[in-house]
Amino acid sequence: MAVRGEPYLLSFDPKSGEVSSFDLGPARISMLTIDSLGRILYADDTRHTAGTIDPKAQILNEVKVPARGLTTSLVVDSSSTLWVGTTAGEIYQVRGGRASLALSLRVPVTTLSLDQGGHVWYLAPLPSGTFGYALAPLEDSSAGSEVNGPVASLDFSALGRAWLADPRGGFFVSREQLR
């Protein structure tokens, strides 16, 4: 866990109750995620950076991300590429010490998620004047779908279903085979 606005990353072991910390120096974590190797990937909106922390080796690496907005979502794929969604509608890919703009929408990115095939999908409001949300894979936004009504999050099951949370009643809507 991160202490928002503080330069420490805290780790809590629920079995032993042990809490340990990692000093991040000037970094201020806005959002974080964990990859399959146990590394911590994070966004620092204050300094416009994304970083990777290897807690075992006690190594911290950072890269500048020229985002105009604040981080709304982070997801890391199987190739250890970090994907960053922002309030400005930008989606960046961070890999190999570089950040590059992958997609620019005209609306904020609500969330990013991986489907069962490892493809990155985004969820974002439809353009102004239209009520609802769009969800689509980054590599082919025309293969997406639109949903009427509010949606709070997007995730995928192992069966390939997209699950969308409706904040009005706390129920979920399942959409099968969007691709």
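Here the structure is shown first, and the text comes after it.
The model shown is predicted, which means the values in this text are computed figures rather than measured ones.

S.K.: What am I meant to see in the overall build of the chain here?
M.R.: The helix and strand inventory of the chain stands at zero helices and 17 strands. Relative to the 2.2 N^0.38 estimate, which gives 16 Å for 179 residues, the radius of gyration of the chain is 17 Å and therefore close to what a compact globule would have. Across its three principal directions, the C-alpha atoms of the chain cover 45 × 40 × 30 Å. Looking at the 179 residues of the chain, the share that counts as buried comes to 41%. A sequence separation of at least 24 residues applies to 27% of the contacts in the chain between residues at least 6 apart. Averaged over its 15 positive side-chain charges, the chain has a centre that lies 3 Å from the centre of its 18 negative ones.

S.K.: It is not clear to me how the sheet that holds strand S11 (residues 111–114) should be interpreted in this structure. Could you clarify?
M.R.: Sheet strands pair via backbone hydrogen bonds, and the direction of the pair is either parallel or antiparallel. With antiparallel pairing, four strands are arranged side by side in an open sheet as S11-S12-S13-S14. Looking at strand neighbours, the two that pair on one side only are S11 and strand S14 (145–147), the edges of this open sheet. Direction aside, the axes of adjacent strands within the sheet are offset by 20° on average. Across four bridges, the pairing between S11 and strand S12 (residues 120–125) is antiparallel. Bridge pairing in S12 places Thr111 opposite Leu123.

S.K.: I'm lost on the side chain of Ser113 in this one. Help?
M.R.: Looking at where Ser113 falls in the secondary structure, it is placed in strand S11. The exposure class of Ser113 is buried, given its relative accessible area of 4%. From its side chain, Ser113 meets the backbone oxygen of Leu154 in a polar contact 3.4 Å long. Among residues more than four places away in sequence, those in contact with Ser113 are Val75, His119, Val120, Trp121, Leu154, Asp155 and Phe156.

S.K.: Is there a simple way to explain the pattern of salt bridges in this structure?
M.R.: Opposite charge on two side chains lets them pair, provided their charged atoms get close. This model, assessed by the stated rule, comprises five salt bridges. Put simply, Glu90 and Arg68 hold a salt bridge, and the shortest N to O gap is 3.0 Å. With Glu90 in strand S9 (residues 90–95) and Arg68 in the loop between strand S6 (59–64) and strand S7 (71–76), the pair connects residues that are 22 residues apart, well separated along the chain. Overall, Glu90 belongs to the buried group, its relative accessible area being 4%. Note that Arg168 is salt-bridged to Asp166, the shortest N-O span being 2.5 Å.

S.K.: Got a minute to help me understand the packing of aromatic side chains in this structure?
M.R.: Each aromatic ring pair is summarised here by two numbers: the centre-to-centre distance and the angle between the ring planes. Per the counting criterion, the structure on display carries one aromatic pair. Measuring from ring centre to ring centre gives 5.2 Å for Trp121 and Phe156, while their planes differ by 55°; the resulting arrangement is tilted. Residue Trp121 is found in strand S12, and its partner Phe156 is found in strand S15 (residues 153–156); the two are separated by 35 residues along the sequence. Pair check on accessibility: Trp121 and Phe156 agree, each one buried.

S.K.: Which parts of the structure should I look at to understand unusual backbone geometry?
M.R.: Most peptide bonds adopt trans geometry, and most residues besides glycine take a negative phi value. The phi angle at His48 is positive, at roughly 55°, despite the residue not being glycine. If you trace the backbone, His48 turns up in the loop between strand S4 (40–44) and strand S5 (49–54). The backbone phi angle of Ser80 is positive, close to 70°, even though this residue is not glycine. Secondary-structure assignment places Ser80 in the loop between S7 and strand S8 (82–86).

Cut-offs and rules
Residues numbered from 1 in each chain as written. Predicted model: local features only at pLDDT ≥ 70, side-chain atom pairs only at ≥ 80, totals over all residues. Heavy atoms only, no water. Helix = DSSP H or I, 4+ residues; strand = E, 2+ residues; numbered from the N terminus. Rg over C-alpha atoms; globule rule 2.2 N^0.38 Å. Buried < 20%, exposed > 50% of the residue type's maximum accessible area, 1.4 Å probe, protein only. Contact = heavy atoms within 4.5 Å. Lys, Arg positive; Asp, Glu negative; His and termini not counted. Charge placed at Lys NZ, Arg CZ, Asp CG, Glu CD. Pairing = 2+ DSSP bridges. Axes fitted to C-alpha atoms, helices over the stretch in contact; angles between N-to-C directions. Polar contact = N/O pair within 3.5 Å; in protein donor to acceptor, adjacent residues only side chain to side chain. Salt bridge = Lys/Arg side-chain N within 4 Å of Asp/Glu carboxyl O. Phe/Tyr/Trp six-rings, centres within 6.5 Å; stacked < 30°, edge-to-face > 60°.

These results come straight from atomic positions and should not be treated as a statement about function.
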